[in-house]
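# Overview (structure and organization)
Single-letter residue listing:
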Amino acid sequence: MSCFIINNESTAALAAMLDRAVNAARWSGTVRYGIYSGRELYELLRSEWSAQFGRKCVDLDSRKIYAILHHMNEQAYGERYNRDAATPEAMPVGEWLHTADSKPWQMLKTFECFLYQCDEGNVAKSELYQALVCAKNYYMKHLINKLPDYDAAVWG
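Report on the accompanying structure. (Residues numbered from 1 in each chain as written. Predicted model: local features only at pLDDT ≥ 70, side-chain atom pairs only at ≥ 80, totals over all residues. Heavy atoms only, no water.)

### Topic: the overall build of the protein
When helices and strands are tallied, the protein shows 7 helices and 0 strands. Starting at the N terminus, the α and β elements of the protein follow one another as α-α-α-α-α-α-α. Per-residue burial over the protein gives 46% buried out of 156 residues. In the structure as shown, the protein presents an accessible area of about 8,600 Å², 51% of it carried by carbon and sulfur atoms. (Helix = DSSP H or I, 4+ residues; strand = E, 2+ residues; numbered from the N terminus. Buried < 20%, exposed > 50% of the residue type's maximum accessible area, 1.4 Å probe, protein only. Areas by Shrake-Rupley, 256 points an atom, 1.4 Å probe, with all protein chains shown as cover.)

See below:
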């Protein structure tokens, strides 16, 4: 299995989508993108932010989620190739894309790519990684359920 650092634009698009999903769940109980685990994921992301940056995370936004995701990817890369991950303060600042809604199948592929790249060592064993896998599965089910052929198929 190989591992690479996914590009900043993809990480930013994933962060923007997760931002919308977890904050909708937090503030209004709304399920976005079919991600029913939004509240749990919100709390895990907040905890990860606090652990990485050594300060309390009051509110999550796409920039904070981007930093968490990028650092996870760096850690997995470091574990795969026996290198130290960059410190969170040294992370590149990506272009903040807000296109998560425009190309849902690309978003799913980006989500799967991210998880594949992070499927290394302790990163893959983390509670946050497992919650992201669950969120990706909910999102995939959400997309499949919207397909006309799926809707037309017989239940049972």
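### Examining the nonpolar core
Counting 41 residues, the largest nonpolar core has M17, L18, L41, F114 and L132 as the members making the most contacts within it. Beyond its immediate stretch of four places on either side in the chain, L132 contacts L18, L41, L69, M72, F111, F114 and L115. (Core = buried A, V, L, I, M, F, W, Y, C linked by side-chain atoms within 4.5 Å. Contact = heavy atoms within 4.5 Å.)

### Topic: a nonpolar patch on the surface
Residues W105, I144, L147, Y150 and W155 make up a contiguous nonpolar surface patch of about 590 Å² in total accessible area. Residue I144 is classed as partly exposed on the basis of its relative accessible area, which comes to 32%. (Patch = residues over 30% accessible without salt bridge, like charges linked within 9 Å, V, L, I, M, F, W, Y side chains within 5 Å. Salt bridge = Lys/Arg side-chain N within 4 Å of Asp/Glu carboxyl O.)

### Things to note about the pattern of salt bridges
Evaluation of the coordinates by the stated rule reveals 4 salt bridges. Linking D59 and R26 is a salt bridge whose minimum nitrogen-to-oxygen distance equals 2.9 Å. Here D59 is found in the loop between α2 (38–53) and α3 (62–81), whereas its partner R26 is found in helix α1 (residues 8–28), with 33 residues between them in sequence.

### Some words on helix α4 (residues 104–117)
Residues spaced three or four apart along an α-helix face the same direction, because each turn holds 3.6 residues. Taking 1.5 Å of rise per residue, 14 residues should cover 20 Å, and α4 covers 20 Å from first to last C-alpha, within 8% of that figure. Three or more residues of α4 are buried, namely M107, L108, T110, F111, F114, L115 and Q117. Packed against the buried residues of α4 are α1, α3 and α6 (127–145). (Expected span 1.5 Å × (residues − 1).)

### With respect to unusual backbone geometry
Phi angles above zero are rare outside glycine, and Y33 is one such case at about 60 degrees. Mapped onto the fold, Y33 is located in the loop between α1 and α2. The backbone phi angle of N82 is positive, close to 55 degrees, even though this residue is not glycine. With respect to the element layout, N82 can be found in the loop between α3 and α4.

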